[in-house]
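# Survey of secondary and tertiary structure
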Amino acid sequence: MMAEFLAWLAQTFALVRKEILALIKDPANRTILFAPALMQALLFGYGATYDLTHVPYAVVDQSRSAASTELLARLDGTGVFKREATLASNAQIGGLIDSGKALLVISIPSDFEHRLTVGDAAPIQIILDGRNSSTAGAAAGQIGSIVADYGASLGGSPPITMERRAWYNPNLETRWTLMPAMIAALSFMQTLLLSALSVAREREQGTFDQLLVTPLTPMQILIGKAVPSIMVGLIQSTIILLIIRFWFQIPMNGSYWLLNLGLVSFTAAGVGVGLSISALSVTMQQAMLYTFLLIMPLMLLSGMLTPVRNMPQILQVITYVNPLRFGIDMVRRIYLEGAGFTDIAFDFVPMLVVAAITLPLAAWLFRHRLA
């Protein structure tokens, strides 16, 4: 019995070794496996942000008073708002907004200072470019805070102050929210594609049929195909983790061991989905098509960009079969919150269920095709 088990392990290890060598022997493959993860992590870190760093604006100051000058000086002093133009009339606003040169225009009425002097309300108008709603809305909110601070500085009754404090992301930087999710999302996309192409590639080349007539069992073939893809996914996740931790210097509050344990479960689920796609596909072209059709819904329903709780109820139910949803939630909570195993134990359940279904399904499909 022991001799048979050792022989089984030796055969499986030989297949795993063969798959790894097939992946790394070609220099182009080595580049494709790891360069995209490095490049995408840097691009997302610098490019995908909703933080306000540069807001071009214009002003129509019909008041031209000390009060309006001081208010605009406070705005310019933030370093975020850059005045692109000072307009003579409201008729010039449309052309400036349409051209995209200004995200917003502030219009100050001629009686602005007089109203403040007599204690009346002194409204100002902000015209926003709604084509960029997220940034425009955030900019309007920041202008509202500046205007409120200026109004409080004019005296009168002591204003009610509000103190804001954010847990886990003190400065509310979108990079802190987005980048930990990339540990799961970027490796998931490439691991899914890699595993989806593994069997389809050999079937197209005619070598998979030769593999099926060897003494290897379908489970050994499954392990041989799954282990290299899982290893590649873990290496990619580690590369992205190092970039986030040391390049972008986002502090990690949780356990590296727990994070890696969760990534193993998450990657196994992704590989199971990919191998099932590969077993169903006759050609590499079919496998790529099925994978790309699946990736976009999985990304949209993962909660990476929009909270799952904001989705319609039926879509919230569908997300329970999406391992990416729970992989992203797990990584974020470990990385930012410092969550322990008991805090994220529920995230493991759907991932392990998906892995437990898709991996045996792929092995069954191997047997089915053999029959």
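Residues numbered from 1 in each chain as written. Predicted model: local features only at pLDDT ≥ 70, side-chain atom pairs only at ≥ 80, totals over all residues. Heavy atoms only, no water.

Heads up, the condition is: UniProt positions are given in the numbering used here, feature names are shortened, and annotations may be inferred rather than shown by experiment.
For the protein chain, an unreviewed UniProt entry supplies the name Transport permease protein and the organism Sphingomonas abaci. Regarding the protein chain, the relevant UniProt record gives this comment under Sequence similarities (unreviewed entry): "Belongs to the ABC-2 integral membrane protein family."

## Considerations on the UniProt feature "transmembrane region" (unreviewed entry) in the protein chain
Spelled out, the test is: Strands are runs of DSSP state E lasting at least 2 residues, helices are runs of H or I lasting at least 4, and numbering of each runs from the N terminus.
In the numbering adopted here, UniProt assigns the feature "transmembrane region" (unreviewed entry) to residues 178-200, 221-248, 254-275, 287-305 and 344-366. Taken end to end, residues 287-305 comprises 74% helix and 0% strand; its first and last C-alpha atoms sit 27 Å apart.

## Some remarks on the packing of aromatic side chains
In plain terms, the rule: The rule is short: rings of Phe, Tyr and Trp, with Trp giving its six-membered ring, pair when the centres are within 6.5 Å, and they are stacked under 30 degrees, edge-to-face over 60, tilted in between.
Applying the stated rule across the entire model yields 5 aromatic pairs. A ring pair is formed by Phe-326 and Phe-346, whose centres lie 6.0 Å apart and whose planes are at 70 degrees; its orientation type is edge-to-face. Taken together, the positions of Phe-326 in helix α13 (residues 323-337) and Phe-346 in helix α14 (residues 341-370) put the pair 20 residues apart, joining distant regions of the chain. Three or more aromatic residues joined by ring pairs form one cluster here, namely Tyr-320, Phe-326 and Phe-346.

## Some points on the packing of helix α7 (residues 174-205) against helix α10 (residues 256-280)
For clarity, the cut-off: For helices, the fitted line uses only the C-alpha atoms of the stretch in contact; every axis is such a line through C-alpha atoms, and the angle between N-to-C directions lies from 0 to 180 degrees. Note on convention: the crossing is left-handed when the near helix lies turned anticlockwise from the far helix by less than a right angle, right-handed when the turn is clockwise. Residues are grouped as follows: Ala, Val, Leu, Ile, Met, Phe, Trp, Tyr, Cys and Pro are nonpolar; Asp, Glu, Lys and Arg are charged; every other residue, Gly included, is polar.
Relative orientation of the contacting elements α7 and α10 amounts to 35 degrees, with a least axis distance of 7 Å. Handedness of the crossing formed by α7 with α10: right-handed. Split into classes, the residues belonging to the contact of α7 with α10 amount to 15 nonpolar, 8 polar and 1 charged.

## A short note on the confidence of the model for the protein chain
What counts is decided by this rule: Scored between 0 and 100, pLDDT is the confidence that the predictor attaches to each residue. By definition in these notes, contact holds between two residues if any of their heavy atoms fall within 4.5 Å.
Taken over all residues, the pLDDT of the protein chain has a mean of 81, while the share at 70 or more is 85%. By mean pLDDT, helix α2 (residues 27-47) is the weakest element of the protein chain at 64, and α10 is the strongest at 92. Note that residues 157-162 has pLDDT below 50 and, in this model, 1 contact with residues that lie over four places away or in other chains.

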